[in-house]
Amino acid sequence: MAIKQYHFTLRVPKYYKKIIKSMLPLQGNEWDCRATKFAKPIHGLATRRNELKKILRKSLHSQQGHYCAFCGLDMRTRGAQIEHIAPKANDRYPLFMWESKNLILACPTCNGFTKKSTFNSIQNFNAVYHNCIFSIVHPYFDDPDHHFKYIMDPNTNLAYIIAVREINGSPSQKAIQSIKLFGLSLPDMTEERYKDALALSRPLPQFEKLIEEVKTKGYISK
């Protein structure tokens, strides 16, 4: 349930690196535009692009797991979407559209249009991605435990209430921006975090024992 830092790197197969190069210069719409909208209308480009997105999604699911990178909620029942940490729109950072460290899985709430459409997540831009300074807690570059803290609810003994941690005596500005942008302290989000914390606090049934009991006692479903 806690927000995590990720240390993996997405690997793009060599063939698909050529596909990305064929889309250059990136305008911001290449992620999901129709074939006729590419700057260079190459036959089969949209199909290859869609194949690459499936590869990236599969790799993210495998390496990231099923928790949203921004709120930490379980995405298995909420859905998962590929998120661009630095916005890919034309008036933002289309050059980072296929940058591996700019892609992460997020729940539909955190990846909603109203969340990222008007927000610039880069505080200081550099053409080299890892040299940019981000204004939010970056899923790859920042340790969330340095920016967030979880307060325990005395009524449930579950730590699901998120708050800003201090760094060198001052509140983390990245945490403040992330909490505001993704609504991490809103009642609805807090309730969802409580549900996940409650589910994690309960022991799972001993499925092997239950299955063996069914076989032994000869239960029959009618």
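Scroll up to find the structure.
What you see as residue numbers is a count from 1 along each chain, following the sequence as written. Per-residue local features of the predicted model are confined to residues with pLDDT of at least 70, and side-chain atom pairs are confined, for both listing and counting, to 80 or more; whole-chain, interface and lining totals are unaffected and use all residues. The side-chain quantities take in all heavy atoms of the structure and omit both hydrogens and water.

### Re the overall build of the protein
Alright, step 1. The way it works is that DSSP assigns letters per residue, a run of H or I at least four long becomes a helix, a run of E at least two long becomes a strand, and they are numbered from the N terminus. Broken down by element type, the protein carries six helices and eight strands.
Alright, step 2. Helices (α) and strands (β) of the protein occur, in sequence order from the N terminus, as α-α-β-β-α-β-β-β-β-β-β-α-α-α.
Alright, step 3. Along the first, second and third principal axes, the C-alpha atoms of the protein reach 65 × 55 × 25 Å.
Alright, step 4. Burial statistics for the protein: of 222 residues in total, 42% are counted as buried.
Alright, step 5. Two residues qualify as a contact provided that any one of their heavy atoms is within 4.5 Å of a heavy atom in the partner residue. Look at the contacts in the protein between residues 6 or more apart in sequence, and 63% of them connect residues 24 or more apart.
Alright, step 6. Here, Shrake-Rupley sampling with a 1.4 Å probe gives the accessible areas, and only protein chains in the shown set may cover a residue. Of the roughly 13100 Å² of accessible surface on the protein, a fraction of 54% belongs to carbon and sulfur atoms. Only protein chains enter the accessibility calculation, which uses a 1.4 Å probe; a residue is then buried when its area is under 20% of its type maximum, exposed when over 50%, and partly exposed in between.

### With respect to the pattern of salt bridges
Alright, step 1. Should a side-chain nitrogen of Lys or Arg be within 4 Å of a carboxyl oxygen of Asp or Glu, the pair is scored as a salt bridge. Following the criterion strictly, the structure yields seven salt bridges and no others.
Alright, step 2. Among the ionic pairs, D142 bridges to K174, the shortest N-O distance being 3.0 Å. Of this pair, D142 sits in the loop between β4 (133–134) and β5 (148–153) while K174 sits in helix α4 (residues 173–182); the two residues are 32 residues apart in sequence, bridging distant segments of the chain.
Alright, step 3. By relative accessible area, D142 is classed as buried at 10%.
Alright, step 4. Among the charged side chains, a network of salt bridges with common partners joins R78, E191, E192, K195 and D196.

### Focus on the side chain of S135
Alright, step 1. Mapped onto the elements of the fold, S135 is located in the loop between β4 and β5.
Alright, step 2. Two N or O atoms form a polar contact when they lie within 3.5 Å of each other; inside protein one atom must be a possible hydrogen donor and the other a possible acceptor, and for residues adjacent in sequence the pair counts only when both atoms belong to side chains. Within the local environment of S135, its side chain forms a polar contact with the backbone oxygen of N120, the two atoms lying 3.4 Å apart.
Alright, step 3. Sequence-distant contacts of S135, that is, excluding residues within four places in its chain, are made with F119, N120, S121, I122, Q123, Q173, K174 and Q177.

### Here's the deal with the pairing of strand β2 (residues 103–106)
Residues in a regular strand point their side chains to alternate faces of the sheet.
Alright, step 1. Neither face of β2 is left uncovered, since the one carrying L103 and L105 and the one carrying I104 and A106 both have all their residues buried.
Alright, step 2. Note that strand β1 (residues 81–84) and β2 share four bridges and pair antiparallel. Bridge pairing in β2 links E83 to I104. When DSSP locates at least two bridges between a pair of strands, those strands are taken to pair.

### Description of the packing of helix α1 (residues 14–23) against helix α2 (residues 45–64)
Alright, step 1. One can describe the packing of α1 onto α2 by two numbers: an axis separation of 10 Å at closest approach and a directional angle of 125°. Between α1 and α2, the crossing angle belongs to the class labelled oblique. Viewed along their axes, α1 and α2 form a crossing whose handedness is left-handed. Along the contact surface, α1 presents Y15, Y16, I19, I20, S22 and M23, while α2 presents L45, R48, R49, E51, L52 and I55.
Alright, step 2. Polar here means any residue other than Ala, Val, Leu, Ile, Met, Phe, Trp, Tyr, Cys and Pro, which are nonpolar, and Asp, Glu, Lys and Arg, which are charged; Gly is therefore polar. The class makeup of the residues in the contact of α1 with α2 is eight nonpolar, one polar and three charged. Whenever a helix is involved, its axis is fitted only over the stretch in contact; in every case the axis is a line through C-alpha atoms, and angles between N-to-C directions fall within 0 to 180 degrees. Reported orientations rely on four angle classes, namely roughly parallel under 35 degrees, roughly antiparallel over 145, roughly perpendicular from 65 to 115, and oblique for the rest. Handedness of each helix crossing follows the sense of rotation of the near helix against the far helix: counterclockwise by less than a right angle gives left-handed, clockwise gives right-handed.

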